[in-house]
Amino acid sequence: MFSYGLLLLAGILQGIMVCLNGQLGNHFSLFGVCFFVHAIALILLLAYLLLKKQKLRFSGAPWYVYLVGAMGIAIVASSSWCTLHIGAGTMLAVSTLGQMISSELIDEFGLFGMPVQKFSAKQLPGYLMVAAGVALVVLF
């Protein structure tokens, strides 16, 4: 249950973050929003490393894990722009559907070194209900 509580908190924080990114978009360009968000993250990371006296390592990971930086910029920029133009609720609903699609493909085929978790027909009602919920959010 602890894991589900953490995930619920992460979702709540994501909703707040999207709204704050949208507000940043009222004052800065998309590049400015991305710079601001990632500069703060860099400062926090460096402070953590200094506090814990840890070295930053960049070796041993597969090449594709380094794509997360580019993905982070794309996510921040698109969520900031979309929140301002279609609203936070619609943006998060469609984003959640995209996350479900990509995560199911990752699970099904074991992409990026993840363990294979085959699709079960028992999951279909949940996926359909989420898709219907997204459609309701977008259309009404």
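Worth saying up front: this structure is predicted, and the values here are computed from it rather than measured.

Participant: So what about helix H4 (residues 88-109)? Which residues, and what values?
Facilitator: Relative to the 32 Å expected for 22 residues at 1.5 Å per residue, H4 spans 31 Å between its end C-alpha atoms, a close match to the ideal helical length. Taken as a whole, H4 has its buried residues at Ala88, Thr90, Met91, Leu92, Ala93, Met100, Glu104 and Glu108. Next to the buried residues of H4 lie helix H1 (2-25), helix H3 (68-86) and helix H5 (124-139).

Participant: Describe the nonpolar core, naming the residues involved and giving the relevant values.
Facilitator: The nonpolar side chains of soluble globular proteins are, as a tendency, buried together. By size, the foremost hydrophobic cluster in this structure holds 5 residues: Leu24, Val33, Cys34, Val76 and Ala77. The contacts of Leu24, once residues within four sequence positions are left out, are Val33, Phe36 and Val37.

Participant: Outline the pattern of salt bridges, supporting the account with residue identities and numerical values.
Facilitator: For the structure shown, the criterion picks out 1 salt bridge. Between Lys118 and Glu108 there is a salt bridge, and its shortest N-O distance comes to 3.5 Å. Here Glu108 lies in helix H4 and Lys118 lies in the loop between H4 and H5, a separation of 10 residues in the sequence. The exposure class of Lys118 is exposed, given its relative accessible area of 56%.

Participant: Describe the packing of aromatic side chains, naming the residues involved and giving the relevant values.
Facilitator: In total, this model carries 4 aromatic pairs according to the counting rule given. Aromatic pair Tyr64 and Phe112: ring centres 5.4 Å apart, planes at 55°, arrangement tilted. Taken together, the residues Tyr64 in the loop between helix H2 (30-52) and H3 and Phe112 in the loop between H4 and H5 connect sequence positions 48 residues apart. An aromatic cluster of at least three residues, connected via ring pairs, comprises Trp63, Tyr64 and Phe112.

Participant: Give me the lowdown on the layout of surface pockets, citing residues and values where you can.
Facilitator: There is about 470 Å³ of room inside the largest pocket. Secondary structure elements with two or more residues in the lining of the largest pocket: H1, H3 and H4. Residue contributions to the lining of the largest pocket peak at 8 residues, all from H4. Here the residues of the lining of the largest pocket sort into 11 nonpolar, 7 polar and no charged. Of the pockets and cavities examined, the second largest pocket occupies roughly 260 Å³. Along its surface, the second largest pocket is lined by His38, Ala41, Leu42, Leu45, Leu56, Arg57, Phe58, Val65, Tyr66, Val68 and Gly69.

Participant: Go over the environment of Phe112, please, and point to the residues and values.
Facilitator: Taking C-alpha positions, Phe112 is 30 Å from Cys19, a pair spaced 93 residues apart along the chain. With residues near it in sequence (within four places) discarded, Phe112 still touches Tyr64 and Ile106.

Participant: Requested: an account of the environment of Leu30, with residues and values cited.
Facilitator: Note on placement: Leu30 falls in helix H2. A residue is classified by how much of its surface remains accessible, and Leu30, at 36% relative accessible area, is partly exposed. Taking the C-alpha atoms as reference points, Leu30 and Ala74, 44 residues apart in sequence, are found 9.8 Å from one another. Apart from residues no more than four positions distant in its own chain, Leu30 is found in contact with Ala77, Ser80 and Trp81.

Participant: Residues and numbers for the side chain of Thr90, please.
Facilitator: Residue position: Thr90 is located in helix H4. Setting aside residues no more than four positions away along its own chain, Thr90 makes contact with Val137 and Val138.

How each quantity is defined
Residues numbered from 1 in each chain as written. Predicted model: local features only at pLDDT ≥ 70, side-chain atom pairs only at ≥ 80, totals over all residues. Heavy atoms only, no water. Helix = DSSP H or I, 4+ residues; strand = E, 2+ residues; numbered from the N terminus. Expected span 1.5 Å × (residues − 1). Buried < 20%, exposed > 50% of the residue type's maximum accessible area, 1.4 Å probe, protein only. Contact = heavy atoms within 4.5 Å. Core = buried A, V, L, I, M, F, W, Y, C linked by side-chain atoms within 4.5 Å. Salt bridge = Lys/Arg side-chain N within 4 Å of Asp/Glu carboxyl O. Phe/Tyr/Trp six-rings, centres within 6.5 Å; stacked < 30°, edge-to-face > 60°. 1 Å grid on protein atoms, 1.4 Å probe; cavity = no way out; pocket = protein on both sides within 12 Å on 5 of 7 lines; lining within 4 Å. Points joined across faces, edges and corners; volume = space filled by probe spheres on them. Nonpolar A, V, L, I, M, F, W, Y, C, P; charged D, E, K, R; others polar.

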